Amino acid sequence: QVQLVESGGGLVQAGGSLRLSCAASGRTFSQYAMAWFRQAPGKEREFVAAISWNTGSTYYTDSVKGRFTISRDNAKNTVYLQMNGLKPEDTAVYYCAADFFAIRLEARESEYDAWGQGTQVTVSS
């Protein structure tokens, strides 16, 4: 089993930056794909970004392309989400997720096998 713990959320003004971290334990981190999702108040959880376990390939939802960067450090068992140019519509609880059997990067929640508890990101206008 894998345990995922997010950190780095907070309150930031529009145009600012935050870096989220997700520390993993319990399974060989370097062998599974990782992703970030988010859920805004009153909305369904949505895909943000994913990164492969081996090639470093990444995949982003259109609304964050050019502003957010997902990366991973397998030596530290950690995945990151660097968020620049934040907008009020980025306000949400951000979750990291692990896909143990990834053949390709996925945006569907159902493809992910483990989830963190979430970290709140609030962007003020």
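Here the structure is a predicted model, which is why all the values come from computation and not from measurement.

Asks: I would appreciate a short explanation of unusual backbone geometry in the present structure.
Replies: Of all residues except glycine, most have a negative phi; of all peptide bonds, most are trans. With phi around 55°, Asn77 is a residue other than glycine that occupies positive phi space. Take Asn77: it is sitting in the loop between strand 7 (68-73) and strand 8 (78-83).

Asks: Teacher, can you tell me more about the packing of aromatic side chains here?
Replies: The geometry of an aromatic ring pair comes down to the distance between the two centres and the angle between the two planes. Under the definition given, this model contains seven aromatic pairs. Between the aromatic rings of Phe37 and Tyr112, the centroid separation amounts to 5.3 Å while the plane-to-plane angle is 80°, which identifies the pairing as edge-to-face. On the criterion of sequence distance, the pair formed by Phe37 in strand 4 (residues 33-39) and Tyr112 in the loop between strand 9 (92-99) and strand 10 (114-115) is long-range, its members being 75 residues apart. Ring geometry for Tyr112 against Trp115: centres 6.3 Å apart, planes inclined by 65°, an arrangement best described as edge-to-face. Judged by its relative accessible area of 6%, Tyr112 falls in the buried class. Taken together, the aromatic side chains of Phe37, Phe47, Tyr59, Tyr112 and Trp115 make up a single cluster linked through ring pairs. Sitting over the ring of Tyr95, Arg45 keeps its end group 4.8 Å from the ring centre. The ring of Trp115 carries Arg45 above its face, with NZ or CZ at 3.9 Å from the centroid.

Asks: Can you help me understand the environment of Pro88 in this one?
Replies: Among the secondary structure elements, Pro88 is positioned in the loop between strand 8 and strand 9. Residues Pro88 and Gln13 lie 75 residues apart in sequence; the distance between their C-alpha atoms is 8.3 Å. Discounting residues that sit within four places of it in the chain, Pro88 has contacts with Ala14, Val123 and Ser125.

Asks: Could you clarify how one ought to interpret the state of the cysteines in this entry?
Replies: Throughout this description, disulfide means a covalent bond between two cysteine sulfur atoms. Applying the stated criterion to the full structure yields one disulfide. Disulfide pairing is shown between Cys22 and Cys96; the S-S distance is 2.0 Å. Its torsion about the S-S bond being 50°, the disulfide of Cys22 and Cys96 is classed as right-handed. Placement of Cys22 in strand 3 (residues 18-25) and of Cys96 in strand 9 is noted, with a sequence separation of 74 residues between them. Looking at Cys22, the relative accessible area reads 0%, which means it is buried.

Asks: What's the story with the pairing of strand 9 in this structure? I'm lost.
Replies: In regular strands, side chains alternate between the two faces of the sheet. Across the eight residues that make up strand 9, a large majority, seven, are buried. Looking at chain direction, strand 4 and strand 9 are connected through seven bridges and run antiparallel. Along strand 9, the bridge assignment pairs Gln39 with Val93. Sheet topology places strand 9 next to strand 11 (residues 119-124); three bridges connect them, and they run antiparallel. Residue pairing in the sheet places Val93 in a bridge with Gln120 of strand 11.

Asks: What should I look at first to understand the sheet that holds strand 7 in this one?
Replies: The strands making up a sheet associate through backbone hydrogen bonding, with each pair oriented either parallel or antiparallel. Taken in spatial order, the four strands of this open sheet run 1-3-8-7, and their pairing is antiparallel. Across the chains shown, the open sheet's two edge strands, defined by having one partner strand only, are strand 1 (3-7) and strand 7. Within this sheet the neighbouring strands show an average axis-to-axis angle of 15°, counted without direction. Strand direction decides the pairing type here: strand 3 and strand 8, joined by six bridges, are antiparallel. Residue pairing across strands places Cys22 opposite Val79, the latter belonging to strand 8.

Conventions and cut-offs
Residues numbered from 1 in each chain as written. Predicted model: local features only at pLDDT ≥ 70, side-chain atom pairs only at ≥ 80, totals over all residues. Heavy atoms only, no water. Helix = DSSP H or I, 4+ residues; strand = E, 2+ residues; numbered from the N terminus. Phe/Tyr/Trp six-rings, centres within 6.5 Å; stacked < 30°, edge-to-face > 60°. Buried < 20%, exposed > 50% of the residue type's maximum accessible area, 1.4 Å probe, protein only. Lys NZ or Arg CZ within 6 Å of the ring centre and 35° of its normal. Contact = heavy atoms within 4.5 Å. Disulfide = S-S within 2.5 Å. Pairing = 2+ DSSP bridges. Axes fitted to C-alpha atoms, helices over the stretch in contact; angles between N-to-C directions.

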